[in-house]
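Results of the structural survey
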Amino acid sequence: MNGEESPEFYRQRYLELKSRAQEKNLRRPRASMADNPVTLPKDTIADDEVIPGGWYWTRIVKRGQTLRLSSDSATEGVSVLMWNADDTSERFNPADTVKVQWTARIGQGKLLLSDMGRVLASITADSFGLHDCIAGGSTPESNARKYGAGSSHRNTRDNFLLAAAKHGLGPRDVGPCITFFAPVVTDETGRLVWRGTAQGPHHVDLRAEMNLIVAVSNCPHPLGPGTRFDAKPVRAVVWRSLPADASDFCRTATEEAVRAFENTDAALAV
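Residues numbered from 1 in each chain as written. Predicted model: local features only at pLDDT ≥ 70, side-chain atom pairs only at ≥ 80, totals over all residues. Heavy atoms only, no water.

1. Some remarks on unusual backbone geometry
Here is the rule: Think of it this way: any DSSP run of H or I at least four residues long counts as a helix, any run of E at least two long counts as a strand, and we number them from the N terminus. Think of it in three bands: with a 1.4 Å probe and only protein chains considered, a residue is buried below 20% of the maximum accessible area for its type, exposed above 50%, and partly exposed in between.
Backbone geometry at Trp-102 places phi at a positive 60 degrees, although glycine is not the residue there. Within the secondary structure, Trp-102 sits in the loop between helix 2 (94-100) and strand 5 (111-113). With a phi close to 60 degrees, Phe-181 is a non-glycine residue in the positive phi region. With respect to the element layout, Phe-181 can be found in the loop between strand 7 (178-180) and strand 8 (184-186). Judged by relative accessible area, Phe-181 falls into the buried class, the value being 0%.

Right, here's the structure in full:
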């Protein structure tokens, strides 16, 4: 292993990139919660639905619209999948989302990337700050471990299969997801653990950077601390957000973000 392939090389590169981004933030105002209104004007709202505990929601979110997911009470995660609505072979890739941005802490200012190196959505507001891009959503097997054999509770994997089918997609199109309001961290031994709970109210805003098919599953995360199935309702609001200009923080925060948007803009211009 040469120097440019060693873990220390990549660690130092990450620290340098982080330092550069922090310096850039000090030189210009950062996108903040104040940039997106907490109370959305009624004339900007295209869809507003409550997702009951255990259920799912899906629809097309057009480029330039923002999906707001909000929780008024304690919740053990809200899982999300995305596909390019104009070419569903392109979909959300959590591994690249983490790897390209050099962090598993995907929150405000970060991007949700596809398996083609393009930006599906930008996180333009985030009142919670801890979301899981690694462990994935619940499955029949994880429900059995958590709630007991023979558990009939709904799970995220099956919810995503149902949501995908509504858009002509199948099991091969349902991959790993991101779960919002899920404080999953690594402990001293490297294990993934749940630390805290989103007591609420909290919300996260996902600005669509291309036309998207979005699926949301409101099922508890497999690492959540609850010993019984007690999913709380969450709200999904699609609203018309302001267009991003050339100085938009999500587009310019890092060199990786700039390249990802260059890839995205070039594909959309064809």
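2. Comments concerning the environment of Leu-169
To keep it simple, the criterion reads: Note on contacts: a residue pair qualifies if any of its non-hydrogen atoms lie within 4.5 Å across the two residues.
Within the fold, Leu-169 resides in the loop between helix 4 (156-165) and strand 7. Relative accessible area serves as the criterion here: at 9%, Leu-169 is assigned to the buried category. Contacts of Leu-169, omitting those with residues within four sequence positions, involve Trp-83, Thr-88 and Ala-164.

3. Brief notes about the sheet that holds strand 10 (residues 202-208)
Stated formally: Think of it this way: DSSP has to see at least two bridges between two strands before they count as a pair. Every angle, taken between N-to-C directions, lies between 0 and 180 degrees, and every axis is a line fitted to C-alpha atoms, over only the stretch in contact when it is a helix.
The strand order across the open sheet built from 6 strands is 1-12-3-10-6-5, with neighbouring strands paired in antiparallel fashion. Each edge of the open sheet carries a strand with a single partner, namely strand 1 (45-51) and strand 5. Neighbouring strand axes in the sheet, compared pairwise and without regard to direction, differ in orientation by 20 degrees on average. As paired elements, strand 3 (residues 65-71) and strand 10 share 6 bridges and run antiparallel to each other. Residue pairing for strand 10: Leu-69 is matched across the bridge by Val-204.

4. Quick word on the packing of aromatic side chains
Worth spelling out the cut-off: Whether two aromatic rings pair depends on their centres lying within 6.5 Å, for rings of Phe, Tyr and Trp, where Trp uses its six-membered ring; planes under 30 degrees apart make the pair stacked, over 60 edge-to-face, and the rest tilted.
Here the structure, examined in full by the defined rule, presents 2 aromatic pairs. Pairing Phe-128 with Phe-181 gives two aromatic rings, centres 6.2 Å apart and planes at 70 degrees, and the pair type is edge-to-face. You can see Phe-128 sitting in the loop between strand 6 (119-126) and helix 3 (140-147) and its partner Phe-181 sitting in the loop between strand 7 and strand 8, a full 53 residues away along the chain. Phe-181 shares its class with Phe-128; the two are buried. Ring geometry for Tyr-147 and Phe-229: centres 5.8 Å apart, planes at 65 degrees, overall edge-to-face. With Tyr-147 in helix 3 and Phe-229 in the loop between strand 11 (212-217) and strand 12 (234-240), this pair connects stretches of sequence that are 82 residues apart. Summarising the burial analysis for this pair, Tyr-147 and Phe-229 share the class buried.

5. What to know about the pattern of salt bridges
Note the cut-off: Put simply, a salt bridge is a Lys or Arg side-chain nitrogen that is within 4 Å of an Asp or Glu carboxyl oxygen.
Taken as a whole, this structure holds 15 salt bridges when the rule is applied. Put simply, Arg-118 and Glu-90 hold a salt bridge, and the shortest N to O gap is 3.1 Å. With a gap of 28 residues between them, Arg-118 in the loop between strand 5 and strand 6 and Glu-90 in the loop between strand 4 (78-84) and helix 2 connect regions that are remote in the sequence. The two residues Arg-118 and Glu-90 agree in class, both being buried.

6. A short note on a nonpolar patch on the surface
Condition: Patch membership needs two things, relative accessible area over 30% and no salt bridge, and members are linked within 9 Å if like-charged or within 5 Å if nonpolar (Val, Leu, Ile, Met, Phe, Trp, Tyr). The Shrake-Rupley method, run with a 1.4 Å probe sphere, supplies the accessible areas, and residue values consider only the shown protein chains as cover.
Judged by side-chain polarity, Ile-134, Leu-192 and Leu-223 come together as a nonpolar surface patch covering roughly 230 Å² of accessible area. Mapped onto the elements of the fold, Ile-134 is located in the loop between strand 6 and helix 3. Residue classification places Ile-134 among the exposed positions, given a relative accessible area of 53%.

7. Remarks on the side chain of Asn-84
Rules: Think of a polar contact as two N or O atoms within 3.5 Å of one another; within protein, one of them needs to be a possible hydrogen donor and the other a possible acceptor, and neighboring residues in sequence only count if both atoms come from side chains.
Along the chain, the position of Asn-84 falls in strand 4. Exposure remark for Asn-84: the relative accessible area of 9% places this residue in the buried category. A distance of 2.8 Å separates a polar atom in the side chain of Asn-84 from the backbone nitrogen of Asp-86.

8. Comments concerning the nonpolar core
Definition in use: Among buried residues, the Ala, Val, Leu, Ile, Met, Phe, Trp, Tyr and Cys ones that are joined through side-chain atoms within 4.5 Å form a nonpolar core.
Among the nonpolar cores identified, the biggest contains 30 residues, and Met-82, Leu-112 and Phe-180 are the most heavily contacted of them. Here Phe-180 is in contact with Leu-69, Gly-77, Val-78, Val-80, Leu-112, Ile-123, His-131, Val-204 and Leu-206, once residues within four sequence places are set aside. Residues Phe-160, Ala-164, Cys-177 and Ala-215 belong to the second largest nonpolar core, which totals 11 residues.

9. Here's the deal with helix 3
Threshold: By arc we mean the arc of the directions from the helix axis to the C-beta atoms, nothing more.
Considered for burial, the residues of helix 3 that qualify are Ser-142, Asn-143, Lys-146 and Tyr-147. Within helix 3, the buried residues cover an arc of 105 degrees as seen down the axis, which keeps them to one side. Just downstream of helix 3, Gly-148 is the residue with a positive phi angle, here 110 degrees.

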